Amino acid sequence: MDKKLIAVTGATGAQGGGLVQAILADKSGEFTVRGITRNPGSDKAQALAKLGVEIVSADLDDTASLTKAFAGAYGAYCLTNFWEHFSGEKETKQGQSLAQAAKAAGVKHAVWSTFEDTRKAFPLADRRMPTLKEKYKVPHFDAKAEADHFFRELGVPTTFLYTSFYWDNLIGFGMGPKKGPDGKLAFVLPMGDKKLPGIAAVDIGKCAFGIFKRPELIGKTVGVAGEHLTGAEMAKGLSQALEQPVSYNAVPSDVYRGFGFPGADDLGNMFQFKAETESAYCGVRDVAFCRTLNPDLQTFAKWLSQNKSRIPLG
Ligand SMILES: NC(=O)c1ccc[n+]([C@@H]2O[C@H](COP(=O)([O-])OP(=O)(O)OC[C@H]3O[C@@H](n4cnc5c(N)ncnc54)[C@H](OP(=O)(O)O)[C@@H]3O)[C@@H](O)[C@H]2O)c1
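Rules of the game
Each residue is numbered by its place in its chain's sequence as written, counting from 1. The predicted origin of the model limits local features to residues at a pLDDT of at least 70 and limits the giving and counting of side-chain atom pairs to 80 or more, whereas totals for whole chains, interfaces and linings rest on all residues. Excluded from the side-chain calculations are hydrogens and water; all other atoms, namely the structure's heavy atoms, are used. Secondary structure elements follow DSSP: runs of H or I no shorter than four residues count as helices, runs of E no shorter than two count as strands, and numbering proceeds from the N terminus. Each helix should span, by expectation, one fewer than its residue count multiplied by 1.5 Å. The buried label applies to any residue whose accessible area, calculated with a 1.4 Å probe on protein chains only, is under 20% of its type's maximum; exposed applies above 50%, and partly exposed to all values in between. In this analysis, two residues are considered to be in contact whenever any of their non-hydrogen atoms come within 4.5 Å of each other. We define proximity as follows: a residue is near a molecule or strand when any one of its heavy atoms falls within 4 Å of that partner. Side-chain atoms alone can form a polar contact between residues adjacent in sequence; in general such a contact is a pair of N or O atoms within 3.5 Å, and within protein one must be able to donate a hydrogen while the other accepts it. Reported accessibility uses the Shrake-Rupley method at a 1.4 Å probe radius. Residues are deemed covered only where the shown protein chains occlude them. All residues other than Ala, Val, Leu, Ile, Met, Phe, Trp, Tyr, Cys, Pro, Asp, Glu, Lys and Arg, Gly among them, are scored as polar; the first ten of these are nonpolar and the last four charged. The pairing criterion for strands is at least two bridges between them, as found by DSSP. Note on definitions: angles span 0 to 180 degrees between N-to-C directions of axes, and those axes are lines fitted to C-alpha atoms, for helices only across the stretch in contact. By convention a nonpolar core is built from buried Ala, Val, Leu, Ile, Met, Phe, Trp, Tyr and Cys residues, the set being connected through side-chain atoms within 4.5 Å. Exposure above 30% relative accessible area and no salt bridge define the residues that can form patches, which grow by joining like charges within 9 Å and nonpolar side chains of Val, Leu, Ile, Met, Phe, Trp and Tyr within 5 Å. In the sections that follow, a salt bridge refers to a side-chain nitrogen of Lys or Arg positioned within 4 Å of a carboxyl oxygen of Asp or Glu. Paired rings are identified among Phe, Tyr and Trp, the last through its six-membered ring, by centres lying within 6.5 Å, and are further divided according to the angle between planes into stacked (under 30 degrees), edge-to-face (over 60) and tilted (the rest). Any Lys NZ or Arg CZ that is within 6 Å of a ring centre and within 35 degrees of that ring's normal is treated as a charge sitting over the ring.

## A look at helix 9 (residues 231–242)
Argument step 1. For helix 9, with twelve residues, the first-to-last C-alpha span of 16 Å sits near the 16 Å given by 1.5 Å per residue.
Argument step 2. For helix 9, the set of buried residues is Gly231, Met234, Ala235, Gly237, Leu238, Ser239, Ala241 and Leu242.
Argument step 3. A positive phi of about 55° marks Glu243, the residue just after helix 9.

And the structure:
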């Protein structure tokens, strides 16, 4: 039987890497994988090649290269990385290129890693949340959402994937618990008592694999999460895993926006959006449904048990 090829942008990263792992693990399954990278010689790309992944070079800023990289593929995982450049316009353009390449290559199922347009809940004139770069409320959400229509208008058979907060941010994104002047650990999150859908980053790709196996999800929006937890529940999980007390510091979103690190205003707005639209935001990210896509979906406790030693306790 000829296997169906899934071409994966972001294969060397968190989301795409999870998808590559899932396809490789399903040896007797109907799919095979092609990893797309700008740099086939990188350590990450070479490591994938050693596992048997076909590695192809392409750049999201070059639609012709993407079209070639998608050629012959049944499926395409479409990912952009806002945090590499912090430009909404660039991210939307890259989303457009992904849609154009998927169309030109005739892929049968694209999964587009996108987000809600937060301006539907918080129009630009809404003074509860600052407008950023004159046209966004949450740039890394809104810019992805602005590319959704390219997939629809070009008639690309697409599943729109709404991802969630990576618990891995506690390791690499500086969001882990920090020691206060009293030497005690505190976990800062501007979510009040609201629930934050979270997920092990690797599980996003594993859920995407479940989506590729279900063509009936074409045209649908699917949200993924491993659990919906309040900041207090996350702090409790951290206390248990780290075997020391971690308190929850629910700073207001204004304070978070003022932290000053690159993207603090974008993330402060993002958490405010998630908190104030809690029911809709959690509702579209149905954990039980995700478990049907990915039976190995991790809980926060499971993720912590495997990753707690990697959390820097500054
Ligand atoms: N942090 C979170 O909590 C979170 C949650 C949900 C969604 N997200 C979203 O996730 C996205 C990032 O995904 P990730 O975390 O999987 O990424 P990542 O681990 O940081 O890796 C980035 C990937 O994107 C590829 N890439 C970037 N620019 C490219 C270009 N111009 N052409 C081709 N490939 C390019 C890189 O490939 P090469 O370097 O090999 O070329 C790499 O594989 C962001 O847009 C973010 O908004 C983040």
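Resuming the write-up.
## Description of the environment of Leu19
Argument step 1. For Leu19, the position within the fold is in helix 1 (residues 14–25).
Argument step 2. For Leu19 and Val8, which are eleven residues apart along the polypeptide, the C-alpha to C-alpha distance reads 7.8 Å.
Argument step 3. If we ignore the near neighbours within four places in the chain, the residues touching Leu19 are Ile6, Val8, Tyr77, Gly205, Lys206, Ala208, Phe209 and Phe212.

## A few points about the site of the ligand
Argument step 1. Taken together, 27 residues lie around the ligand, and Thr12, Thr37, Thr80, Tyr166 and Asn169 are the ones closest in.
Argument step 2. Interatomic distance of 3.1 Å between a backbone N/O atom of Gly13 and an oxygen atom of the ligand.
Argument step 3. Lys144 is positioned with one of its side-chain polar atoms (N or O) 2.8 Å from an oxygen atom of the ligand.
Argument step 4. Expressed as a share of its isolated accessible area of 930 Å², the protein-covered part of the ligand is 85%.
Argument step 5. When residues of the shell around the ligand are traced back to their parent elements, those giving at least two are helix 1, helix 4 (88–105), helix 5 (139–145) and strand 7 (165–166).
Argument step 6. In terms of residue class, the shell around the ligand is built from ten nonpolar, twelve polar and five charged.

## Regarding the sheet that holds strand 5 (residues 109–114)
Argument step 1. Read across the sheet, seven strands follow the order 3-2-1-4-5-6-11 without closing on themselves; strand pairing throughout is parallel. One side of each edge strand has no neighbouring strand; the edge strands of this open sheet are strand 3 (54–57) and strand 11 (221–223). In this sheet, neighbouring strand axes are inclined to one another by 25° on average, regardless of whether the strands run parallel or antiparallel.
Argument step 2. Relative to strand 3, strand 2 (residues 31–37) is paired through four bridges, and the arrangement is parallel.

## Some points on the sheet that holds strand 7
Argument step 1. Overall, mixed pairing links the three strands, which are arranged 7-10-12 in an open sheet. Looking along the sheet, the strands with just one partner apiece sit at the ends: strand 7 and strand 12 (227–230).
Argument step 2. With respect to the sheet, helix 9 is in contact with strand 7, strand 10 (195–199) and strand 12, its orientation differing from that of strand 12 by roughly 95°.

## Quick notes on the nonpolar core
Argument step 1. The biggest cluster of nonpolar side chains holds 35 residues, and the ones touching the most others in it are Leu170, Met234, Leu238, Phe271, Phe300 and Trp303.
Argument step 2. Among the elements of the structure, helix 7 (169–172), strand 9 (185–188), helix 9, helix 11 (264–276) and helix 14 (300–307) are those that each provide at least two residues to this core.
Argument step 3. Look past the residues within four positions of Met234 in its chain and what remains in contact with it is Phe165, Trp167, Phe187, Leu189, Leu196, Leu229 and Phe300.
Argument step 4. Counting 31 residues, the second-largest nonpolar core is a separate cluster that includes Val8, Leu48, Tyr74 and Val287.

## A closer look at a nonpolar patch on the surface
Argument step 1. On the surface, a cluster of nonpolar side chains totalling about 240 Å² of accessible area is made up of Val255, Phe259 and Phe261.
Argument step 2. Locating Phe261 in the fold gives a position in the loop between helix 10 (253–257) and helix 11.

## Notes on the packing of aromatic side chains
Aromatic ring pairs are reported here in terms of the distance separating the ring centres and the angle at which the planes meet.
Argument step 1. Scanning all chains against the criterion turns up 17 aromatic pairs.
Argument step 2. When the centroid spacing of 5.8 Å and the interplanar angle of 55° are considered together, the rings of Phe82 and Phe86 count as tilted.
Argument step 3. Taking 6.2 Å as the distance between ring centres and 5° as the angle between the ring planes, the aromatic pair formed by Phe300 and Trp303 counts as stacked. On the criterion of helical spacing, the pair formed by Phe300 and Trp303 is a turn pair, its members being three residues apart in helix 14.
Argument step 4. Look at Phe300 and you get buried, because its relative accessible area is 2%.
Argument step 5. Residue Trp303 is classed as buried on the basis of its relative accessible area, which comes to 2%.
Argument step 6. Grouping aromatic residues by their ring pairs yields a cluster made of Phe165, Tyr256, Phe259, Phe261 and Phe271.
Argument step 7. A cation over a ring is seen here: Lys4 above Tyr74, with NZ or CZ 4.6 Å from the ring centre.
Argument step 8. Between Arg285 and the ring centre of Tyr281, over which it is positioned, the NZ or CZ distance is 3.6 Å.

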